[in-house]
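Read off the chains here:
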Amino acid sequence: IFVCIIYYWSDRIWNIFYRAICFDKKRVAFSIREISNIWLSEKISSPFVMGIVKPKIYLPYGILPEEKKYILRHERAHIAHNDPLVRFLGTIAIILHWWNPLAWLAIHKMNQDMEMFCDETALATAIPAEKKEYSQTLLHFAAKQSGLAVVLSFGESNTEVRIRNVLRKKRN
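My aim in this report is to walk through the structure given alongside it, one point at a time. Note that the structure is predicted; figures quoted are calculated from it, not measured.

## Thoughts on the nonpolar core
Stage number 1. Core analysis: the largest hydrophobic core is formed by nine residues, namely Ile38, Leu40, Val49, Ile57, Leu59, Ile63, Ile71, Leu72 and Phe141.
Stage number 2. The residues contacting leucine 72, other than those within four sequence positions of it, are Ile38, Ile57 and Leu59.
Stage number 3. Core analysis: the next-biggest nonpolar cluster, separate from the first, contains eight residues, Ala122, Leu123, Leu138 and Val166 among them.

Laid out in structure tokens, this is it:
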């Protein structure tokens, strides 16, 4: 019985990750190259990096030039820190330890830390006005992803924590 339970859940977990990877590939299949490793797609709502060997930055159409500057800094920080590889290894850890809630929590916290570290890297030499614009960009994309014009929640969201972190950091 134990073997059947493990087989059932491991198969379900694998299908979830496989569908997520295939879904991302389908969304970016008809992307258009802007320059070097930057691609534009109308099927995505927020920017991201995909690829381990040759990572590409995918951006949705209609990004304002002010937002694009900050987004590219942030996504290039992900590439510089080898975050796609780290996320891939985290996915493998979850596949192997799907039954362990501490593994899920560790990967979740690792992803949050990676995002905040890239925020800090992108704003390493920023003045307070740039930090405010960056925070507005974060809020804009968080509202787009949730489908709400205003993000309302009873607890702190990851976006709220990131914005607080960005605005709290002192310039070097």
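Past the structure itself, the notes keep going.
## So, the pattern of salt bridges
Stage number 1. Overall, the coordinates contain five salt bridges when judged by the stated rule.
Stage number 2. Between glutamate 34 and lysine 68 there is a salt bridge whose closest N-O contact spans 2.5 Å. With glutamate 34 in strand S1 (residues 32-35) and lysine 68 in helix H2 (residues 65-80), this pair connects stretches of sequence that are 34 residues apart.
Stage number 3. For glutamate 115, the salt bridge is made with arginine 162, and the minimal N-O distance between the two is 3.6 Å. Of the two residues, glutamate 115 is situated in helix H4 (residues 101-122) and arginine 162 in helix H6 (residues 158-168); the sequence distance between them amounts to 47 residues.
Stage number 4. Each of Arg87, Glu115, Asp119 and Arg162 takes part in a single network of salt bridges with overlapping partners.

## As for H4
Stage number 1. The first and last C-alpha atoms of H4 sit 32 Å apart over 22 residues, in line with the 32 Å expected at 1.5 Å per residue.
Stage number 2. Restricting attention to buried positions, one finds in H4 the residues Ala103, Ile107, Gln112, Met114, Glu115, Met116, Cys118, Asp119 and Ala122.
Stage number 3. Regarding H4, its N-cap is asparagine 100, as a side-chain oxygen of that residue lies 2.9 Å from the backbone nitrogen of leucine 102 further along.

## Notes on unusual backbone geometry
Stage number 1. For serine 36, which is not glycine, the phi torsion reads 35 degrees and is therefore positive.
Stage number 2. Looking at the secondary structure, you find serine 36 in the loop between S1 and strand S2 (38-41).
Stage number 3. Since its relative accessible area comes to 53%, serine 36 is described here as exposed.
Stage number 4. Not every positive phi belongs to a glycine, and asparagine 82 is a case in point at roughly 60 degrees.
Stage number 5. Along the polypeptide, asparagine 82 turns up in the loop between H2 and helix H3 (83-96).
Stage number 6. The class for asparagine 82 is partly exposed, based on a relative accessible area of 47%.

## Considering the sheet that holds S1
Stage number 1. Strand order in the open sheet formed by four strands is S1-S2-S4-S3, with mixed pairing between adjacent strands. The strands lining the two open edges of the sheet, one partner per strand, are S1 and strand S3 (48-50). Here the average twist between neighbouring strands, direction ignored, is 35 degrees.
Stage number 2. Packing against the sheet, H2 makes contact with S1, S2, S3 and strand S4 (56-60), and its axis sits at approximately 150 degrees to S4.

Definitions and limits used
Each chain has its residues counted from 1, running along the sequence as written. pLDDT decides what is reported in this predicted model: residues at 70 or higher carry local features, side-chain atom pairs at 80 or more are listed and counted, and totals for whole chains, interfaces and linings draw on all residues regardless. With hydrogens and water excluded, all non-hydrogen atoms of the structure serve as input to the side-chain values. We define the nonpolar core as a collection of buried residues of types Ala, Val, Leu, Ile, Met, Phe, Trp, Tyr and Cys that are connected through side-chain atoms lying within 4.5 Å of one another. Residue burial is assigned from relative accessible area. The probe radius is 1.4 Å, only protein chains are included, and a residue is buried under 20% of its type maximum, exposed over 50%, and partly exposed in between. Residue contacts are defined here by distance: any two heavy atoms, one from each residue, within 4.5 Å place the two residues in contact. In what follows, salt bridge is the name for a side-chain nitrogen of Lys or Arg lying within 4 Å of a carboxyl oxygen of Asp or Glu. Put simply, DSSP marks the helices as runs of H or I at least four residues long and the strands as runs of E at least two long, and each gets a number from the N terminus on. Take the residue count of a helix, subtract one, and multiply by 1.5 Å to get its expected span. Any N or O atom pair separated by 3.5 Å or less is treated as a polar contact, with the protein-specific requirement of one donor-capable and one acceptor-capable atom, and with residues adjacent in sequence counted only for side-chain atom pairs. Strand pairing follows a simple DSSP-based rule, namely that at least 2 bridges must link the two strands. Each axis is a line fitted through C-alpha atoms, taken for helices only over the stretch in contact, and angles between the N-to-C directions span 0 to 180 degrees.

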